[in-house]
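What follows is the residue order along each chain.
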Amino acid sequence: MRAHRVRLPKASYYPAMESYDVLVIGGGPAGLAAGLWLGRYRRKTLISDAGEQRNLAALRSHGYLAFDGSSPQELLARADADVARYPTVHRRNDRVIELAAVGNGFVANIGDDEVTAKRVVLTTGVQDVVPEVAGFDELYGRSIFHCSCCDGYESRDMSVVAIGWGEHVAGFALDLLEWGAHVTLITDGQTFDGDADARLALARHDIEIIEDTVDCFAIEDGRMRGVRLVSGREVTAERAFFSIAHRPRTDLAVALGCETDDQGYLRVGPHGETTVEGVYAAGDVTPGEQLVLTAASTGAVAGIACALSLRGETTVAGVPDPGPDPEEELAQ
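Here the structure is a predicted model, which is why all the values come from computation and not from measurement.

Enquirer: Can you walk me through the environment of Ser297 in this structure?
Expert: Secondary-structure assignment places Ser297 in helix α8 (residues 292-308). Residue class for Ser297 comes out partly exposed when judged on its relative accessible area of 41%.

See below:
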């Protein structure tokens, strides 16, 4: 997996060996949304981010209300500036190496430092397995994409190739017909795992299955013009979408004992609560639609729920004590 990194401004100075109300792991849309709402509840929060969001190679991010077509870097920079306005929220551009439950809280190793937190919000996302093909890096995020929903509209009325071989890829290729004038499925030398019904469905819509290995992406004037196969054949295409495998980043969560579903995503409740008390999760590491807008939404929900779980506990110096729990007060 190629890691696309970006440097973002730090929201505030990070003091080592600190204790926090909440540690947010991941600084993408989900993590920043969680951090923003934790800041609004005046909770002392640290957002730690390794800068490996899956869409950083893209020129444009689509479908985010009021920011449709902005670059991922622009969206993150704006979100980061929003979060930076909250004085109780700190940021560190570094990877959480280890995370463990200790007593009633959690201890995390970040770089060479150790921090403690009462709660954790995991927004660690997923890794996409990408085609190891010449020309991929030059075209990824410009003519090659991993999300048909996110970038299908921009590929409307074009010749499109879908790259993959798992049984799910038949649906992925058929979905591209929503926008593409013509779709070809290339398995990159693997045997197509779809059953006879899948083959018939593809054939009904004139989607050819080519079980050949991709030699390279043909590029002309910086644009994709086709896919060249090791057999010598070249498939004309202006866009390519791939769906090989998605690997949720759950190592830290699993080490804590968080449960995952059959596809490896973290099991969460309606407010982002995992199966481990005090640990919340949001964004692509959880089941559901993998969209920037959805990630921000689930991050907000998890951040608010996390903040409310700390009712009655004192926070950073200078901030008034949290208000009472209305349900408990009214029940007396």
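So much for the structure itself; the text now carries on.
Enquirer: Help me out: how do you make sense of the packing of helix α1 (residues 29-40) against α8 in this one?
Expert: Packed helices, taken two at a time, are described by the angle between their axes plus the distance between the axes. Packing of α1 against α8 brings their axes to within 7 Å, and their N-to-C directions diverge by 35°. Our pair here, α1 against α8, has a crossing hand that is right-handed. Contacts between α1 and α8 pair Pro29, Ala30, Ala33, Ala34, Trp37 and Leu38 from the former with Val292, Ala295, Ala296, Gly299, Ala300, Gly303, Ile304, Cys306 and Ala307 from the latter. In the contact of α1 with α8, the residues fall into 13 nonpolar, 2 polar and no charged.

Enquirer: I keep staring at the layout of surface pockets and nothing clicks. Help me out?
Expert: Empty pockets left among the atoms are what a rolling probe the size of a water molecule brings to light. In this structure, the second largest pocket encloses a volume near 630 Å³. If you go around the second largest pocket, you meet 21 residues; those closest to its centre are His168, Phe172, Ser243, His246 and Gln290. Secondary structure elements with two or more residues in the lining of the second largest pocket: α4 (148-151), α5 (169-175) and β16 (245-248). Its residues assigned to classes, the lining of the second largest pocket shows 7 nonpolar, 10 polar and 4 charged.

Enquirer: I tried to follow α1 on my own but got confused; where do I start?
Expert: Note that an α-helix has 3.6 residues per turn; residues three or four places apart therefore point the same way. With 12 residues, α1 should reach 16 Å at 1.5 Å per residue; the first-to-last C-alpha distance of 16 Å fits that figure. Among the 12 residues that make up α1, 9 are buried, leaving the element largely enclosed by the rest of the structure. Looking only at α1, the buried set comprises Ala30, Gly31, Leu32, Ala33, Ala34, Gly35, Leu36, Leu38 and Gly39. For α1, the secondary structure elements touched by its buried residues are β1 (19-25), β2 (45-48), α2 (72-84), β3 (89-92), β6 (113-122) and α8. Just past α1, the residue Arg42 takes up positive phi, approximately 55°.

Enquirer: Which parts of the structure should I look at to understand the packing of aromatic side chains?
Expert: Ring pairs (aromatic) are described by centroid distance and by the angle formed between their planes. Overall, the coordinates contain 5 aromatic pairs when judged by the stated rule. A ring pair is formed by Tyr140 and Phe242, whose centres lie 5.8 Å apart and whose planes are at 55°; its orientation type is tilted. Here the residue Tyr140 occupies a position in the loop between α3 (136-139) and β8 (144-145), and Phe242 occupies one in strand β15 (residues 239-242), the gap between them amounting to 102 residues. Phe242 shares its class with Tyr140; the two are buried. Three or more aromatic residues joined by ring pairs make a cluster, and in this case those are Phe136, Tyr140 and Phe242. A cation over an aromatic ring shows up here: Arg40 above the ring of Trp37, its NZ or CZ 5.5 Å from the ring centre. Across from the ring centre of Tyr153, 4.1 Å away, lies the NZ or CZ of Arg156, which sits over that ring.

Rules used in this analysis
- Residues numbered from 1 in each chain as written.
- Predicted model: local features only at pLDDT ≥ 70, side-chain atom pairs only at ≥ 80, totals over all residues.
- Heavy atoms only, no water.
- Helix = DSSP H or I, 4+ residues; strand = E, 2+ residues; numbered from the N terminus.
- Buried < 20%, exposed > 50% of the residue type's maximum accessible area, 1.4 Å probe, protein only.
- Axes fitted to C-alpha atoms, helices over the stretch in contact; angles between N-to-C directions.
- Left-handed = near helix turned anticlockwise from the far one by under 90°.
- Contact = heavy atoms within 4.5 Å.
- Nonpolar A, V, L, I, M, F, W, Y, C, P; charged D, E, K, R; others polar.
- 1 Å grid on protein atoms, 1.4 Å probe; cavity = no way out; pocket = protein on both sides within 12 Å on 5 of 7 lines; lining within 4 Å.
- Points joined across faces, edges and corners; volume = space filled by probe spheres on them.
- Expected span 1.5 Å × (residues − 1).
- Phe/Tyr/Trp six-rings, centres within 6.5 Å; stacked < 30°, edge-to-face > 60°.
- Lys NZ or Arg CZ within 6 Å of the ring centre and 35° of its normal.

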